[in-house]
Structures are given as structure tokens and as C-alpha cells.
Amino acid sequence: MAYDEKRILQQLADPQTQRKAFEAVVRQYGETLYWKIRRIVLNHDDADDVLQNTFVKAWVNLSEFRNLSKLSTWLYRIAVNESLDFLRRKKGGSDVSVSESAGVANMLMADDYFDGDSALALLNEAVATLPDVQRTVFTLRYYDNMKYGEMSKVLHTSEGALKASYHIAVQKVTAYLKARQA
């Protein structure tokens, strides 16, 4: 059966059908959310943990969803916030240094779940050097091609700030890649 968001939202509001409808939401958005999270936290196991936390938080806060945005936007917001919280806890709030990010390409190439090539691994290494918020903006825009308007809803910030953050992130990634090629 095709996913029908309007019907799913009605079922989510009914305690009798809520669990089954939420299972449909998990099936519909699980893989997409996994990859959004994975591009932020980089590691497969960490992404799985954050994805699980995302769905737990969504389930617990289901009554808070007011249908003012699309369900996917609400879930993306939870996933991004959970990813950023995870990174803050993991790093104690510090950004990844250039020396720490140098191992990201090697880590990705050794990861059984990474199916990219060395150029993609190097790009991910460059992205890992970005501060958490810039990395998130870059990831949502570059990999997911998310429009600034939707990103603004997910991250609760202005489109202008997001455009500036993306521009700075692109400059940093470009500089990193040029330095690695030299």
C-alpha cells in the first residue's frame, strides 16, 4: 500500500491505530533519516543509535506535532537536533580538528557500510572539519539538496544565515580539498 501522509496523520491521532501508523512512518522515513544522520555523525553505529533516539523522541512527543509543517520536516528537525546533541556529547562541544578529521577518510574506507570511493571519503573528511552547524547546513544543502526555506524550518534560523553558513562551509571544504591535493 502506498504511503498516504494525510491518512497516516489521521491514524497517528487515533490511539487505536497510532502504533501501526507510526510503524508506517518508520518504514517511510527510516532510510532517509539514517542517511541524513549518517552524513552528520559519519559512523554507522552512531547513526543507528541517533536514528533510534530520533524515533523514540518522535514517538514520545507525537502529541506535540501540530501539523503546522510536513511530518518529514518535523522528523528531520528531530534527527538534526539529535545528531547535533550526539556530537556535542561525544566531543564535549568542541569541533573536529584538522588532524582528527584526517582519519575520517580512512575510517570510511574501512567501514563495511560505506560504498563510496576515495574522492567521496576525502570530501567527507573535509566536511568533518566544519563546525557542527556548518556541517549540518552543508550536508542538508549539498547532499540532500534541501531548499533554504525548509532548512530554515528544520534548524529554526533565517534563510540568510543559512546561506551565509553554507557559503562559508563551501569555502572551507574547497580550501581543505585544495590543500590535500597540493
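Scope of this entry: the structure provided in the associated data block. Keep in mind that what you see is a predicted model, and the values were worked out from it rather than measured.

Structural notes on the overall build of the protein chain
- Secondary structure summary: the protein chain contains nine helices and zero strands in total.
- Listing the helices and strands of the protein chain from first to last along the sequence gives α-α-α-α-α-α-α-α-α.
- By the burial criterion, 44% of the 182 residues in the protein chain qualify as buried.
- Taking the contacts inside the protein chain whose residues are at least 6 apart along the sequence as the reference set, 62% of them involve residues at least 24 apart.
- Carbon together with sulfur atoms contributes 51% to the accessible area of the protein chain, which is approximately 10100 Å² in total.

Thoughts on the packing of aromatic side chains
- In this structure the tally under the stated criterion is nine aromatic pairs.
- Ring centres 6.4 Å apart and planes at 85 degrees place the aromatic pair F138 and Y143 in the edge-to-face group.
- A residue is classified by how much of its surface remains accessible, and F138, at 4% relative accessible area, is buried.
- Pairing F138 with Y166 gives two aromatic rings, centres 5.7 Å apart and planes at 20 degrees, and the pair type is stacked. With a gap of 28 residues between them, F138 in helix α7 (residues 132-143) and Y166 in helix α9 (residues 159-181) connect regions that are remote in the sequence.

Quick look at the environment of R88
- Looking at where R88 falls in the secondary structure, it is placed in helix α4 (residues 71-91).
- The spacing of R88 and D132 is 44 residues in sequence and 8.4 Å in space, taken between C-alpha atoms.

Some thoughts on helix α2 (residues 18-41)
- Taking 1.5 Å per residue, 24 residues should reach 34 Å; α2 reaches only 30 Å between its end C-alpha atoms and comes up short.
- When the local axis directions of α2 are compared, the greatest deviation, roughly 50 degrees, occurs at Y29.
- Of the residues one or two after α2, L42 is the one with positive phi, at around 75 degrees.

Examining α4
- Counted at 1.5 Å a residue, the expected span for α4 with its 21 residues is 30 Å, and the 30 Å between its end C-alpha atoms agrees.
- With respect to burial, α4 is a largely interior element, 16 of its 21 residues being buried.

Considerations on the environment of A13
- Note on placement: A13 falls in helix α1 (residues 5-13).
- In sequence terms A13 and L62 are 49 residues apart; their C-alpha atoms lie 8.6 Å from each other.

Brief notes about unusual backbone geometry
- Phi at N145 is positive, roughly 55 degrees, even though this residue is not glycine.
- For H156, which is not glycine, the phi torsion reads 55 degrees and is therefore positive.
- Relative to the assigned elements, H156 resides in the loop between α8 (148-155) and α9.

With respect to the nonpolar core
- Grouped together as the largest cluster of nonpolar side chains are 47 residues, with contacts concentrated most on L12 and L71.
- Taken together, the elements giving at least two residues each to this core come down to α1, α2, α3 (44-60), α4, α6 (118-128), α7, α8 and α9.
- Those residues in contact with L71, other than ones at most four positions away along the chain, are Y3, E5, L9, L12, V25, Y29 and F65.

As for the side chain of K36
- The residue K36 is located in helix α2 in this model.
- At 3.0 Å, the side chain of K36 forms a polar contact with the side chain of D144.
- Discounting chain neighbours no more than four positions away, the residues touching K36 are Y76, T139, L140, D144 and M146.

Remarks on the pattern of salt bridges
- For the coordinates displayed, the defined rule picks out seven salt bridges.
- The partner of K36 in a salt bridge is D144, and the shortest N-O contact between them spans 3.0 Å. Pair noted here: K36 is in helix α2 and D144 is in the loop between α7 and α8, with a separation of 108 residues, a long-range link.
- The shortest N-O distance in the salt bridge between D132 and R135 comes to 3.2 Å. Separated by three residues within a single helix, D132 and R135 lie in helix α7, roughly one turn from each other.
- Since its relative accessible area comes to 8%, D132 is described here as buried.

Cut-offs applied
- Residues numbered from 1 in each chain as written.
- Predicted model: local features only at pLDDT ≥ 70, side-chain atom pairs only at ≥ 80, totals over all residues.
- Heavy atoms only, no water.
- Helix = DSSP H or I, 4+ residues; strand = E, 2+ residues; numbered from the N terminus.
- Buried < 20%, exposed > 50% of the residue type's maximum accessible area, 1.4 Å probe, protein only.
- Contact = heavy atoms within 4.5 Å.
- Areas by Shrake-Rupley, 256 points an atom, 1.4 Å probe, with all protein chains shown as cover.
- Phe/Tyr/Trp six-rings, centres within 6.5 Å; stacked < 30°, edge-to-face > 60°.
- Expected span 1.5 Å × (residues − 1).
- Bend = angle between axes of the 7 residues up to and from the residue.
- Core = buried A, V, L, I, M, F, W, Y, C linked by side-chain atoms within 4.5 Å.
- Polar contact = N/O pair within 3.5 Å; in protein donor to acceptor, adjacent residues only side chain to side chain.
- Salt bridge = Lys/Arg side-chain N within 4 Å of Asp/Glu carboxyl O.

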